[in-house]
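Descriptive structure summary
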Amino acid sequence: MSFINYASREINCKIVYYGPGLCGKTTNLQYIYQKTANESKGKMISLATESERTLFFDFLPLALGEVRGFKTRFHLYTVPGQVFYDASRKLILKGVDGIVFVADSQEERMDANIESLENLKENLEEQGYDLYKLPFVIQYNKQDLPNISPIEELRRFLNPTKVPEFKACAMSGVGVFETLKAIAKLVLMDLKKGTR
Amino acid sequence: MLNTQTTFVLYDEEAEKVKEVIDNLLKASNAKSIYLIDKNGQMIASTGNVAEIDATSLASLTAGNIAATGGLAKLIGEKEFAIQFHEGEKDNIHISIVGSRVILVVIFDQRSSLGLVRLRVKKASNTLTTIFDEISAKENAQDGMPGRANPFAEITDDDIDNLFS
């Protein structure tokens, strides 16, 4: 649910990075944080375990600039990817305006990708959302690794409706901002339509 | 109740009313600072000594906390836990859910007390509930006329592209 505040002339939108464990959701946010000017970003919060696995969520507030006199602020969240943190994932999806699904392109993670995508759909449905009616993009991460699935296969299993998709290597930043821009655009276009 | 799938719009008029209520609460409870946050982690209003705290972080962590506590409540068959209190060495945080939809955070030190804060929060909550009922009514009245409440209805692709240039 986006929040338009006339008093402070601000609009806030919530974007959630979803995907299987260790696919690189937190790494996406860390790269965005590192490469964003200080005046455009807030503090990044990571609620993680001692071994740096996301326990509840990561949070990064970003200010993108003004549209029609309103400051646009995007709140980026990640979910914990590990299967058993499902209760936490559901909480973070509340009030979401746009979703980035980060897939792990390695062959052996295809099952985990499919399971996570199914889980995303189910968790959204519980809250009355339809994934394919929300602003939604897919990132095929870890493209730098040697044992990756062919793009056609990733597409066939993970992107049947042909939403915008991006190849990425979040560690080095390839595709990270392209993904962010695409989802931010879709969210703003969605606001324009005022359909939700 | 605010529809979780529509845009939440706060107009100047209601923003002023909300600000007045929390300003009064600040004085009446002798608190250091007060924040009003929606359940999705967006800051609605704040007052008092707010400069020393990162308000955006506070909002998202509070919303996460309320969401997790709400999950716990449901697990044991409760609707929600409406009040939380965290006691620190110097500063304390009193968190309460107002009208099932927004979160009121009061930060106070030894110049106030938990009893006083609880008492004053209760009164302010009733007033805030009325204001948010009005906001909901306004939203519902504008259903079917999305353009009216939406300053983004007129934006162009160029406007959006310019954000990224």
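What you are looking at is a predicted structure, and each value in this text was computed from that prediction instead of being measured.

Considering the pairing of strand E5 (residues 92-98) of chain B
Residue and element names in this part refer to chain B. Burial within E5 is extensive, with six of its seven residues counted as buried. Looking at chain direction, E5 and strand E6 (residues 102-108) are connected through seven bridges and run antiparallel. Across the sheet, residue Asn 92 finds its bridge partner in E6, namely Phe 108. Here E5 folds back onto E6 in antiparallel fashion, the turn holding three residues, of which Gly 99 has a positive phi close to 55 degrees.

Examining the environment of Lys 90 of chain A
All names here are of chain A. Turning to its location among the elements, Lys 90 is positioned in helix H2 (residues 86-93). Lys 90 sits 57 residues away from Asn 147 along the chain, and the two C-alpha atoms are 31 Å apart. The residues touching Lys 90, leaving out its near neighbours within four places in the chain, are Asn 123, Glu 126 and Gln 127.

Comments concerning the pattern of salt bridges
Any two side chains of opposite charge can pair, so long as their charged atoms come close to each other. The tally for this structure, following the rule as stated, stands at 18 salt bridges over all chains. Among the ionic pairs, Asp 86 of chain A bridges to Arg 89 of chain A, the shortest N-O distance being 3.3 Å. Here Asp 86 of chain A and its partner Arg 89 of chain A are both found in helix H2, three residues apart, which amounts to about one turn of the helix. Notably, a salt bridge pairs Lys 19 of chain B with Asp 23 of chain B, separated by 3.2 Å at the nearest N-O pair. Taken together, the residues span about one helical turn, with Lys 19 of chain B and Asp 23 of chain B both in helix H1 (residues 12-29) at a distance of four residues. Its relative accessible area of 23% is what places Asp 23 of chain B among the partly exposed residues.

What counts as what
Residue indices follow the written sequence of each chain, beginning from 1 at its first position. Lettering of chains starts at A and numbering of ligands starts at 1, both following the order in which they are written. This being a predicted model, a pLDDT of at least 70 is required before a residue's local features are given, and a value of 80 or more before pairs of side-chain atoms are given or counted; all residues contribute to the totals for chains, interfaces and linings. With hydrogens and water stripped out, all remaining heavy atoms of the structure feed into the side-chain values. The buried label applies to any residue whose accessible area, calculated with a 1.4 Å probe on protein chains only, is under 20% of its type's maximum; exposed applies above 50%, and partly exposed to all values in between. In this description a helix means any DSSP run of H or I spanning at least four residues, a strand means any run of E spanning at least two, and both kinds are numbered starting from the N terminus. Here a strand pair is declared whenever DSSP counts at least two bridges between the two strands. By the convention used here, residues are in contact when the closest approach between their heavy atoms is within 4.5 Å. For salt bridges, the criterion is a side-chain nitrogen of Lys or Arg within 4 Å of an Asp or Glu carboxyl oxygen.

Function cannot be read off these values alone, since they describe shape.
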